[in-house]
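Structural characterization, general
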Amino acid sequence: MDFCDDCGGVKESRECGKCDSDPVQREDVPQDVKDKWEKEQDELKKKLILEDAPVIQEMKESMEHNKDMKFYIGGVDISFVKGDLVNACSAFVVCSFPDLEKVYEDYEMVKLTQPYIPGYLAFREVDFMIQQYNKLKTRKPEYLPHVIMVDGNGIIHPKEFGCACQLGVLLDIPCIGSAKKLFQVDGLEKDEHHQEKIKNLSEGGDSFPLIGDSGRQLGVALRSCNKTTNPIFVSPGHKISIASAEWLVYKCCKYRIPEPVRQADIGSREYLRQNFKHDEPT
DNA sequence: GCGACAG
DNA sequence: ATCTTGTCGC
């Protein structure tokens, strides 16, 4: 029996929608949906700001001058039920900064209706995050985050408008993308050149810029702590510069993944393990 | 045409 | 995204 390298499931079961050998079975997304999404990205991109909001400067100043101001950083992530293409848990957590204590967490079962298409992740996941942000805004406004970190990319994206950009623009607050794998866009490659640069990241905080064929820098590959050599890929989502995004993400890393996102990841998996039974209560 | 393709 | 087991190292 064959197993899928991507989802680990039996190939014939097509659990991840990707491991089928029969292209006819593949859920081809209508071209008009992609066209619609592309136009929406173009529209939202007009509002994109890649400069630091005042609060980002405040955070830096507070750190540099030992003021003891407290800030809040949000982390969002969605965990899935294996073998279930629809049910998932969306997490929104808030950590204090700079101490990185979890001060708020919200988990919600959601139904993923839109497919995952590289380049259009936001259309699959961002609505739930906005929903949970609004819930937080109503119920615990004292914990509203000054910045949100997203498990995905900001401007490291074919249109320089990834998930973190879309969330940032729609909420109009600073957002940062932190991805575990390099999205190979604008000529960015994980070739031996790239691997060599990774080997040269000798300690936590080391990084190298990700500059595309266009000559534009889209983000950085960051060794986020000493415990790992495997970098994360950081790019601004909205209202923050590349340098500040890198700075803030590094400040949030106790482990490889920035703490707010890591807590959202851990929390949502745990929530599924305890609350999800194999027949969803409508 | 072929490979690549965040989560 | 999801699964799995051990293994190596601090």
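Analysis parameters
- Residues numbered from 1 in each chain as written.
- Chains lettered and ligands numbered in written order.
- Predicted model: local features only at pLDDT ≥ 70, side-chain atom pairs only at ≥ 80, totals over all residues.
- Heavy atoms only, no water.
- Helix = DSSP H or I, 4+ residues; strand = E, 2+ residues; numbered from the N terminus.
- Areas by Shrake-Rupley, 256 points an atom, 1.4 Å probe, with all protein chains shown as cover.
- pLDDT = per-residue confidence, 0-100.
- Contact = heavy atoms within 4.5 Å.
- Near = heavy atom within 4 Å.
- Polar contact = N/O pair within 3.5 Å; in protein donor to acceptor, adjacent residues only side chain to side chain.
- Nonpolar A, V, L, I, M, F, W, Y, C, P; charged D, E, K, R; others polar.
- Core = buried A, V, L, I, M, F, W, Y, C linked by side-chain atoms within 4.5 Å.
- Buried < 20%, exposed > 50% of the residue type's maximum accessible area, 1.4 Å probe, protein only.
- Phe/Tyr/Trp six-rings, centres within 6.5 Å; stacked < 30°, edge-to-face > 60°.
- Disulfide = S-S within 2.5 Å.
- Pairing = 2+ DSSP bridges.
- Axes fitted to C-alpha atoms, helices over the stretch in contact; angles between N-to-C directions.
- Expected span 1.5 Å × (residues − 1).
- Arc of directions from axis to C-beta.

The helix and strand inventory of chain A stands at seven helices and eight strands. Element-wise, carbon and sulfur atoms account for 47% of the exposed surface of chain A, whose accessible area totals about 14,800 Å².

It is worth spelling out the confidence of the model for chain A at this point. Averaged over all residues, the pLDDT of chain A is 90; the fraction at 70 or higher stands at 88%. The low-confidence segment residues 17-26, where pLDDT is below 50, has 13 contacts with residues more than four positions distant or belonging to other chains.

Once that is clear, we can look at the protein's contact with DNA strand B. Near DNA strand B lie 18 residues; those nearest to it are Y116, G119, K180, K181 and Q184. Protein-proximal atoms of DNA strand B, defined as those within 4 Å of the protein, fall in sugar or phosphate at a share of 50%. Contact between DNA strand B and Y116: a phosphate oxygen at 3.2 Å from a side-chain N or O atom of the residue. In this structure, a base nitrogen belonging to DNA strand B sits 3.1 Å away from a main-chain N or O atom of L121. When grouped by side-chain class, the residues that make up the surface near DNA strand B number seven nonpolar, five polar and six charged.

Judged by nonpolar contacts, the single largest core of 24 residues is most densely connected at M59, F97, M149, I176, V234, L248 and V249. Those elements giving two or more residues to this core turn out to be helix 2 (54-64), strand 1 (71-80), strand 4 (147-151), strand 7 (217-222), strand 8 (232-238) and helix 6 (242-251). At four residues, helix 6 tops the list of elements feeding residues into this core. Filtering out sequence-adjacent residues up to four positions away, V234 remains in contact with I156, I176, G177, G219, V220, L222, A245, E246 and V249. Among the nonpolar cores identified, the runner-up in size contains 19 residues, and V76, Y104, Y133 and C175 belong to it.

As a further point, take the packing of aromatic side chains. For any pair of aromatic rings, the description consists of the separation of the ring centres together with the inter-plane angle of the planes. Under the counting rule described, the total for this entry stands at seven aromatic pairs. Relative to F123, the ring of W37 has its centre 4.8 Å away and its plane inclined at 10°; by these criteria the two rings are stacked. Highlighted residues: W37 in helix 1 (residues 31-45) and F123 in helix 3 (residues 121-139), separated in sequence by 86 residues. Among the residues examined, W37 registers a relative accessible area of 5% and is labelled buried. Where F92 meets Y133, the ring centres are 6.3 Å apart and the plane angle is 45°; that geometry is what we call tilted. Linking F92 in strand 2 (residues 87-97) with Y133 in helix 3, this pair joins segments that are 41 residues apart in sequence. Here F92 and Y133 have matching classes, each one buried.

Turning next to the state of the cysteines. All told, the structure shown has zero disulfides when counted by the stated rule. Here C95 stays free of any disulfide, with the sulfur of C252 as its closest cysteine sulfur at 7.6 Å. No disulfide involves C175; its sulfur sits 8.7 Å from that of C165, the nearest cysteine. By relative accessible area, which is 0% here, C175 ends up buried.

Moving on: the sheet that holds strand 7. Read across the sheet, eight strands follow the order 3-2-1-4-5-8-7-6 without closing on themselves; strand pairing throughout is mixed. Looking along the sheet, the strands with just one partner apiece sit at the ends: strand 3 (102-111) and strand 6 (207-211). Sheet twist, expressed as the mean angle between neighbouring strand axes with direction ignored, is 25°. Contacts between helix 3 and the sheet are confined to strand 1, strand 2, strand 3 and strand 4, with strand 3 contributing the most and set at about 130° to the helix. Against the sheet, helix 6 contacts strand 1, strand 2, strand 4, strand 5 (175-179), strand 6, strand 7 and strand 8, and its axis sits at roughly 20° relative to strand 7.

Okay, helix 1 next. Taking 1.5 Å per residue as the helical rise, helix 1 with its 15 residues ought to reach 21 Å, and the 21 Å between its terminal C-alpha atoms agrees with that figure. Along helix 1, the positions that sit buried rather than exposed are W37, Q41 and L44. Buried residues of helix 1, viewed axially, fall in a sector of 70°; they line one side. Among the exposed residues of helix 1, those oriented more than 90 degrees off its buried face are D32, K36 and K39.

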